[in-house]
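One letter stands for each residue in the lines below.
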Amino acid sequence: MTNSFHTVTVEKAAEAYVLSRGRVRFLFMAQAIRAIRTLMPACKATDRELEELLAAASFVHGVPVAFDTKTADGVEPRLHS
């Protein structure tokens, strides 16, 4: 028996998270970023970079997004479908 482990990239983790949500009303960005940081505590990507990866994966898979992360300029959360 051979033990084989595949490397999980942050891009793959973002796509897997999006796919795991199924048919949700919206994918909440803050929750998604927390989930990836929990899964990959050594991840060096910024929250903004994770947000972009998650948004791209959501777009590809037709999952609406709630951009609910806090921003430095105090912008209100945005919903996109």
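Conventions and cut-offs
Residues numbered from 1 in each chain as written. Predicted model: local features only at pLDDT ≥ 70, side-chain atom pairs only at ≥ 80, totals over all residues. Heavy atoms only, no water. Axes fitted to C-alpha atoms, helices over the stretch in contact; angles between N-to-C directions. Helix = DSSP H or I, 4+ residues; strand = E, 2+ residues; numbered from the N terminus. Parallel < 35°, antiparallel > 145°, perpendicular 65-115°, else oblique. Left-handed = near helix turned anticlockwise from the far one by under 90°. Contact = heavy atoms within 4.5 Å. Buried < 20%, exposed > 50% of the residue type's maximum accessible area, 1.4 Å probe, protein only. Arc of directions from axis to C-beta. Salt bridge = Lys/Arg side-chain N within 4 Å of Asp/Glu carboxyl O. Core = buried A, V, L, I, M, F, W, Y, C linked by side-chain atoms within 4.5 Å. Nonpolar A, V, L, I, M, F, W, Y, C, P; charged D, E, K, R; others polar.

### Quick word on the packing of helix α1 (residues 10-20) against helix α3 (residues 47-60)
The relative placement of two packed helices comes down to the angle between their axes together with the axis-to-axis distance. Contact geometry for α1 and α3: axes closest at 9 Å, N-to-C directions at 50 degrees. Here α3 runs oblique to α1, going by the angle between their axes. Classified by chirality, the crossing of α3 by α1 is right-handed. Contacts from Val-10, Glu-11, Ala-14, Glu-15, Tyr-17 and Val-18 of α1 reach α3 at Leu-50, Leu-53, Leu-54, Ala-57 and Ser-58.

### Thoughts on α1
Along α1, the residues that are buried comprise Val-10, Ala-13, Ala-14, Tyr-17 and Val-18. Buried residues of α1, seen end-on, are gathered within an arc of 135 degrees and therefore sit on one face of the element. Here the buried face of α1 lies against β1 (27-28), α2 (29-39) and α3.

### Structural notes on the pattern of salt bridges
Throughout the structure, instances matching the rule amount to three salt bridges. Residues Arg-37 and Asp-47 are paired through a salt bridge, measuring 2.8 Å at the closest nitrogen-oxygen approach. Of this pair, Arg-37 sits in helix α2 while Asp-47 is found in helix α3, placing the two residues ten residues apart along the sequence. Taking relative accessible area as the criterion, Asp-47 reaches 43% and is therefore assigned partly exposed. Across the salt bridge formed by Glu-51 and Arg-48, the nearest N and O atoms sit 2.9 Å from each other. Highlighted residues: Glu-51 and Arg-48, both in helix α3, separated by three residues, approximately one helical turn. Judged by relative accessible area, Glu-51 falls into the buried class, the value being 6%. Via salt bridges that share partners, Arg-48, Glu-51 and Glu-52 belong to a single interconnected network.

### Some thoughts on the nonpolar core
Of all hydrophobic cores here, the largest spans 19 residues; its most connected members are Leu-27, Met-29, Ile-36, Leu-50 and Leu-54. Broken down by secondary-structure element, the contributors of at least two residues to this core are α1, α2, α3 and β2 (65-67). With five residues, the single largest contributor to this core is α1. With near-sequence residues (within four places) excluded, Leu-27 lies in contact with Tyr-17, Val-18, Arg-21, Ala-32, Ser-58, Val-63, Pro-64, Val-65 and Ala-66.

### Comments concerning the packing of α1 against α2
At a minimum axis separation of 10 Å, α1 and α2 run at an interaxial angle of 130 degrees. As far as their axial angle goes, α2 and α1 are oblique. Seen along the crossing, α1 lies across α2 with a hand that is right-handed. Counting all contacts with α1, which are made through Val-10, Ala-13, Ala-14 and Tyr-17, the residues of α2 involved are Gln-31, Ala-32, Ala-35, Ile-36 and Leu-39. The residue inventory of the contact of α1 with α2, partitioned by class, reads eight nonpolar, one polar and no charged.

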